[in-house]
Amino acid sequence: MYKALIAEDSKPILRNIRMLVQAAGLPIEVTATASNGLDALRQLQQSHADILLTDIRMPKLDGLGLIEQAKRLNPRLQTVLISGYSDFEYARRALNLQAFDYLLKPVDQQQVTDVLRRVLLQLEEQRRSDRKLLEGAVSPEFLADMPPDAGRIAGEHQLLLVQRRPFAGGFTHRWSVEGAAEALLGLSGAKRTIVLPALREGQFLVLADMIRPERELESEQPEVPGSAKVPEELLAERVREALQAAGLPAAVLEAFEPVGLRTLSAVYGSLNRMLRERLTLSGQLVTPGTGDPDSDLPPGGEASRLAVQAQLAELIAQRSKERFLLLLRQSLPSWTSDSSRLAGLERFVRLLADGFAEAGRTDAEPGEAGCGDEEIRGLFAAGTREAFAEALQAWCARRFDQLQEPSRRGGEELFGQLDRYLRQNLYAQLSITEAAQQFHVSPSYISRLVKRYTGSTFVHRYMELKIDEARRLLVSGPEVKVKHVAEALGFGDPHYFSKVFKEYTGCSPSDYKENQDQGGPTHGIVST
């Protein structure tokens with residue numbers, strides 16, 4: 001639902017315009033009204049709006065002045081001027097201010113409905129563009145169901161990357177966008193803060209609109225009320241303290257310059273790399289420019305650590321479980337100390353995972369790693385460093401047990417089990433990573449296995465089985481509807497289901513069902 005604000009100094013006309021907007025039957029909610037331009041500007045500063053319908057002649061601040069200042073608050077705001085003055089100069093100035101449209105009083109229902117429909121088309125186009133620009137920085141789950149008012153992120157903001165403190169498991173249940181937004185509400189020195197879930201799990205993006213110095217505000221009439229200026233260099237620390245007070249222990253890194261939508265993904269990537277390399281297990285950020293992530297080690301410590309890594313890798317290759325676990329237990333304190341960097345620990349765990357994958361690979365290209373990221377993320381989800389150490393040792397022990405099985409399953413046997421597993425989960429949405437975890441192999445091995453025995457990809461094979469099941473369901477009874485089959489098999493959109501069904505069978509689901517009911521010929525794939 002999009003939000004609209006109406007500014008009109010005549011109460012009868014305001015009520016009529018509001019009634020016309022509501023009667024249009026569009027996904028637009030009138031969330032605020034104002035009797036003069038200054039009140040409207042204050043409301044736009046306090047809460048987000050997507051659409052502004054404003055009279056031209058109003059006290060305190062006219063419609064053109066309102067649009068000009070409102071666009072500074074929200075460059076994506078769609079504005080419609082409504083006036084009884086048919087003066088060309090007003091229309092020209094409105095176009096210069098990028099007003100969406102210009103309507104003359106008295107306004108009828110058809111005019112309002114037509115204009116608002118075109119406004120909605122423009123807002124939806126902006127939303128699609130925003131989603132594309134955010135793909136490299138914001139979580140896919142948020143983008144898939146991005147709220148209509150996400151356009152409030154347009155313009156430039158101070159960008160901060162917030163990372164959950166390592167091994168703060170006791171606070172994980174509080175870690176949410178809503179919790180962070182509430183904690184940062186009314187942040188000192190900021191007019192507004194917007195919190196978005198970042199692409200990497202355990203991270204938030206905070207976009208803050210800072211209060212400008214008084215000398216900048218003096219040049220703008222009328223002045224929008226605000227609080228005193230606070231030095232921006234303290235912003236990251238203020239955000240960290242606000243989150244800490246709300247039970248959200250985090251590390252915070254701020255971009256050097258204000259960031260717009262087009263640069264957000266690139267700046268996020270840079271901040272993410274810097275934060276991960278600088279973040280210690282105690283949750284502190286080391287001073288920039290200190291070199292290698294393991295530079296916190298004492299003299300000779302790096303060489304010693306590399307030597308231990310080499311020994312552990314060799315013990316994995318030798319299948320020497322007890323000696324490996326002993327050495328791992330002895331060396332873990334150096335990896336999990338307060339000053340140890342999170343990035344270094346992640347690389348160490350990845351090295352072990354790759355070592356186990358290499359040792360256990362029965363049909364893989366040399367040098368190819370094979371451990372699902374979900375497994376590793378599960379280890380780092382431990383609540384404390386001690387729990388992490390125990391989980392890592394237990395995981396390594398299980399990997400050794402898998403290596404030391406008397407006989408490894410052959411490819412044909414594994415494919416048979418995989419195929420049965422896919423058939424048992426036709427009504428779910430399996431990924432190749434989930435399938436790999438089920439059989440304790442790498443996703444790349446699953447991919448090659450399916451290719452060898454079916455000649456197609458994992459996704460194609462799984463979709464073939466789903467479509468084969470769809471064919472069976474469609475002819476199972478006259479009461480079975482296409483949309484019911486689509487929903488049952490995990491296709492959220494019946495139109496998408498129909499498109500995929502036709503690609504695999506050569507006809508639409510409805511045509512297939514009708515042909516089968518009439519005893520017609522079958523199409524497309526053959527059940528296996």
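Residues numbered from 1 in each chain as written. Predicted model: local features only at pLDDT ≥ 70, side-chain atom pairs only at ≥ 80, totals over all residues. Heavy atoms only, no water.

1. Things to note about the packing of aromatic side chains
Part 1: For the structure shown, the criterion picks out 16 aromatic pairs.
Part 2: For the pair Phe167 and Phe380, a centre-to-centre distance of 6.1 Å together with 15° between the ring planes defines the contact as stacked. Here Phe167 is found in the loop between strand E6 (158-164) and helix H7 (177-183), whereas its partner Phe380 is found in helix H14 (residues 373-380), with 213 residues between them in sequence. Considered together, Phe167 and Phe380 belong to a single accessibility category, that of buried residues.
Part 3: Among the aromatic side chains, those forming a connected cluster through ring pairs are Phe491, Tyr496, Phe497, Phe501 and Tyr512.
Part 4: The residue whose ring lies beneath Arg305 is Trp335, and the NZ or CZ to ring-centre distance is 4.0 Å. (Phe/Tyr/Trp six-rings, centres within 6.5 Å; stacked < 30°, edge-to-face > 60°. Helix = DSSP H or I, 4+ residues; strand = E, 2+ residues; numbered from the N terminus. Buried < 20%, exposed > 50% of the residue type's maximum accessible area, 1.4 Å probe, protein only. Lys NZ or Arg CZ within 6 Å of the ring centre and 35° of its normal.)

2. Here we look at the environment of Gln98
Part 1: Mapped onto the secondary structure, Gln98 falls in the loop between helix H4 (88-96) and strand E5 (101-104).
Part 2: When the C-alpha positions of Gln98 and Gln78 are compared, they lie 8.6 Å apart, and in sequence the two are 20 residues distant.
Part 3: Apart from the residues within four sequence positions on either side, Gln98 is in contact with Lys71 and Thr79. (Contact = heavy atoms within 4.5 Å.)

3. Notes on the packing of helix H1 (residues 11-23) against helix H5 (residues 109-134)
Part 1: Orientation of H1 relative to H5, taken along the N-to-C sense of each, is 60°, at an axis distance of 9 Å. Taken as axis vectors, H1 and H5 run oblique relative to one another. You can see that H1 and H5 cross each other, and the crossing is right-handed. Every residue of H5 that contacts H1 at Leu20, Val21 and Ala23 is listed here: Gln109, Val112 and Leu116.
Part 2: Looking at the contact of H1 with H5 residue by residue, the class counts come to five nonpolar, one polar and no charged. (Axes fitted to C-alpha atoms, helices over the stretch in contact; angles between N-to-C directions. Parallel < 35°, antiparallel > 145°, perpendicular 65-115°, else oblique. Left-handed = near helix turned anticlockwise from the far one by under 90°. Nonpolar A, V, L, I, M, F, W, Y, C, P; charged D, E, K, R; others polar.)

4. Side note on the side chain of Lys513
Part 1: Examined against the element boundaries, Lys513 turns out to sit in helix H22 (residues 509-517).
Part 2: The class of Lys513 is buried, set by a relative accessible area of 11%.
Part 3: Of the polar contacts made by the side chain of Lys513, one reaches the backbone oxygen of Gly477; its length is 2.9 Å.
Part 4: If sequence neighbours within four positions are ignored, Lys513 has contacts with Leu474, Gly477, Pro478 and Val480. (Polar contact = N/O pair within 3.5 Å; in protein donor to acceptor, adjacent residues only side chain to side chain.)

5. Some remarks on the side chain of Ser320
Part 1: Looking at where Ser320 falls in the secondary structure, it is placed in the loop between helix H11 (301-317) and helix H12 (321-335).
Part 2: Sequence-distant contacts of Ser320, defined by excluding residues within four places in its chain, comprise Leu315 and Phe400.

6. A short note on the pairing of E5
Part 1: Residue alternation in E5 divides its side chains into a buried set, Asp101 and Leu103, and an unburied set, Tyr102 and Leu104.
Part 2: Summarising the sheet, strand E4 (residues 78-83) and E5 pair through four bridges and their orientation is parallel. Pairing of Leu81 across the sheet is with Tyr102, part of E5. (Pairing = 2+ DSSP bridges.)

7. A closer look at the sheet that holds strand E8 (residues 203-210)
Part 1: Within the open sheet, the four strands sit side by side as E7-E8-E6-E9. Their pairing is antiparallel. The sheet is open, and its two edges are formed by strand E7 (190-197) and strand E9 (250-254), each paired on a single side. Here the strands of the sheet are splayed against their neighbours by 25° on average, with no regard to which way each runs.
Part 2: Relative to E8, E7 runs antiparallel, the two sharing seven bridges. The residue bridging Leu196 from the neighbouring strand is Leu205, located in E8.

8. A closer look at the pairing of E7
On a regular strand, each side chain points to the face opposite its neighbour's, so the side chains alternate between the two faces of the sheet.
Part 1: Burial analysis of E7 places six of its eight residues in the buried class, the great majority of the element.
Part 2: Following E7, the chain reverses through five residues before pairing antiparallel with E8; Gly202 in that reversal takes a positive phi of roughly 85°.

9. Some remarks on the confidence of the model for the protein
Parts of the model with low pLDDT should not have their predicted coordinates read in detail.
Part 1: Averaged over every residue, the pLDDT of the protein is 81; residues scoring 70 or more account for 82%.
Part 2: The low-confidence segment residues 362-370 (pLDDT under 50) makes 22 contacts with residues lying over four places distant or belonging to another chain.
Part 3: Across residues 521-528, where pLDDT falls below 50, the model places 22 contacts with residues more than four positions away in sequence or in other chains. (pLDDT = per-residue confidence, 0-100.)

10. Some details on the environment of Asp468
Part 1: Relative to the elements of secondary structure, Asp468 occurs in helix H19 (residues 458-474).
Part 2: For Asp468, a relative accessible area of 15% puts it in the buried group.
Part 3: Note: C-alpha distance between Asp468 and Thr505 (37 residues apart in sequence) is 9.2 Å.

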